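The chain contents come next:
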Amino acid sequence: MPDVDLWAHLNGRLVRGREAVIPIEDRGVQWGDAVYDSIRTYGGKPFQMDFRIDRFFRSMQYARIAPPLGKVALRQATLDVVRENMKLVAADDDITVNYYVSRGSMKTERGLTPAGTFAIFCRQVAFASFAKFYVEGAPGITPATRRTPPECVSPKAKVSNKMNHFVAELEAKAHNPDAFAVMLDLEGNITEGSGANFLFVSEGRIKVPDTRLVLSGADMASVAELAGAMQIGCDEGTFTAYDVYTADEAFFTTNSFGILPVTSLNGLPIGDGKVGPLTRRLMAAWQEQVGIDYVGQAIARLPATDRQRLETQRRAMAD
Ligand SMILES: Cc1ncc(COP(=O)(O)O)c(C=O)c1O
């Protein structure tokens, strides 16, 4: 379905997305002086909303922006905007809900500055941009541009200025248009994707890059919970590309796609270069958890020939 003009909240008012305009002098526009967060719906239900609301509040506290509303009010506003938007999209569609708050000025009161623009705006999930990777796996590339070190800006905060992430993603895609960036820190340790956490599997255990260096992802937390329930161990550590080259499986986690398999790094297949068994088990558990066939939902958005090819491959994977 083409882009639908979804409902948004702008400074407390419900408006259509195309009318949700912000002042040109907003500090987020000129300087990226803002924080944000994102939630995806599965079957119309926001996934891990409370985790992301808590993180949004932590990001505001870190950036010293006074919250423009409380958590309970934000939760209700989210449910309201989701309910109205699900009436506008197809029954099998889903959306992302994005929070945005910019700093209003540098005037501090008890250490905090006032909020400027506050918005909740939504997009239909861009299924076609990642659907095939659920089945075929995505290539990962370690670009030259590095993840922001915690000494500069805490990677734990979801801040709006992500220029290094975009440049890193473009570097990866210049090598291979299908590739996703796997960003390194200043010392060459694995951190995360430009908009996703990166995890890998070695000897049956999930490896999680040092959480000081990455966003505390809601989907990564969900994977850890599922893994715990499935008696799969997780180890946090400091890893380099070597550890991934010699690993068995890898995947990204983020709000838009949940779990997305990564089957090569810098052109070298990871394991046998196919979506691995542990990743497939986690994806099946994810499906159970969100209550919909989210892979089928994404593949259904592709042109018929791609759809048929991927459905055949998917059935073969399940056998
Ligand atoms: C840099 C970065 N890491 C990780 C994630 C994944 O976070 P979550 O699973 O909470 O969506 C995101 C999401 O936007 C991100 O931007």
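Residues numbered from 1 in each chain as written. Predicted model: local features only at pLDDT ≥ 70, side-chain atom pairs only at ≥ 80, totals over all residues.

Visitor: How should I be thinking about helix α2 (residues 49-63) in this particular structure?
Guide: Its 15 residues give α2 an end-to-end C-alpha distance of 21 Å, which sits within 8% of 21 Å, the value for a rise of 1.5 Å per residue. Against the buried residues of α2 lie β3 (34-42), β5 (95-103) and α6 (218-229). At the exit of α2 stands Arg 64, carrying a positive phi of roughly 65°. (Helix = DSSP H or I, 4+ residues; strand = E, 2+ residues; numbered from the N terminus. Expected span 1.5 Å × (residues − 1). Contact = placed C-beta atoms within 7 Å.)

Visitor: What is the right way to read the site of the ligand from this model?
Guide: For the ligand, the set of nearby residues contains 13 residues, the closest of which are Leu 215, Gly 217, Ala 218, Asp 219 and Asn 255. When contributions to the shell around the ligand are tallied by element, the ones reaching two or more residues are α6 and β13 (249-254). For the shell around the ligand, the leading source of residues is α6, giving three residues. Grouping the constituent residues of the shell around the ligand by class yields four nonpolar, seven polar and two charged. (Near = placed C-beta within 6 Å. Nonpolar A, V, L, I, M, F, W, Y, C, P; charged D, E, K, R; others polar.)

Visitor: Quick question: what am I supposed to make of the pairing of strand β11 (residues 205-209) here?
Guide: The two faces of a sheet get side chains in turn, since along a regular strand they alternate between them. With four of its five residues buried, β11 lies for the most part within the structure. Pairing geometry for strand β10 (residues 197-202) and β11, over three bridges, is antiparallel. By the bridge assignment for β11, Phe 200 is matched with Lys 207. The turn linking β10 back onto β11 is made up of two residues, and Glu 203 within it adopts a positive phi angle of 45°. With four bridges joining them, β11 and strand β12 (residues 234-237) adopt parallel strand pairing. (Buried ≥ 20, exposed ≤ 12 C-beta atoms within 10 Å, placed from the backbone. Pairing = 2+ DSSP bridges.)

Visitor: Mind showing me how you'd approach the environment of Arg 16 here?
Guide: Here Arg 16 is to be found in strand β2 (residues 13-16). When neighbours within four sequence positions are excluded, Arg 16 is seen to be in contact with Asp 5 and Trp 7.

Visitor: In this structure, what is going on with the sheet that holds strand β6 (residues 115-124)? I would like to understand it.
Guide: In a beta sheet, neighbouring strands are held together by backbone hydrogen bonds and run either parallel or antiparallel to one another. An order of β2-β1-β6-β5-β3-β4 is seen for the six strands of this open sheet, with the pairing classed as antiparallel. Two strands close off the open sheet at either side, each with one partner strand: β2 and β4 (45-46). Here β3 pairs with β5 via seven bridges, running antiparallel. Counted as the bridge partner of Tyr 36 is Tyr 100 from β5. Running at roughly 175° to β3, α2 makes contact with β3, β4 and β5 of the sheet. With respect to the sheet, helix α3 (residues 71-86) is in contact with β1 (7-10), β3, β4, β5 and β6, its orientation differing from that of β1 by roughly 155°. (Axes fitted to C-alpha atoms, helices over the stretch in contact; angles between N-to-C directions.)

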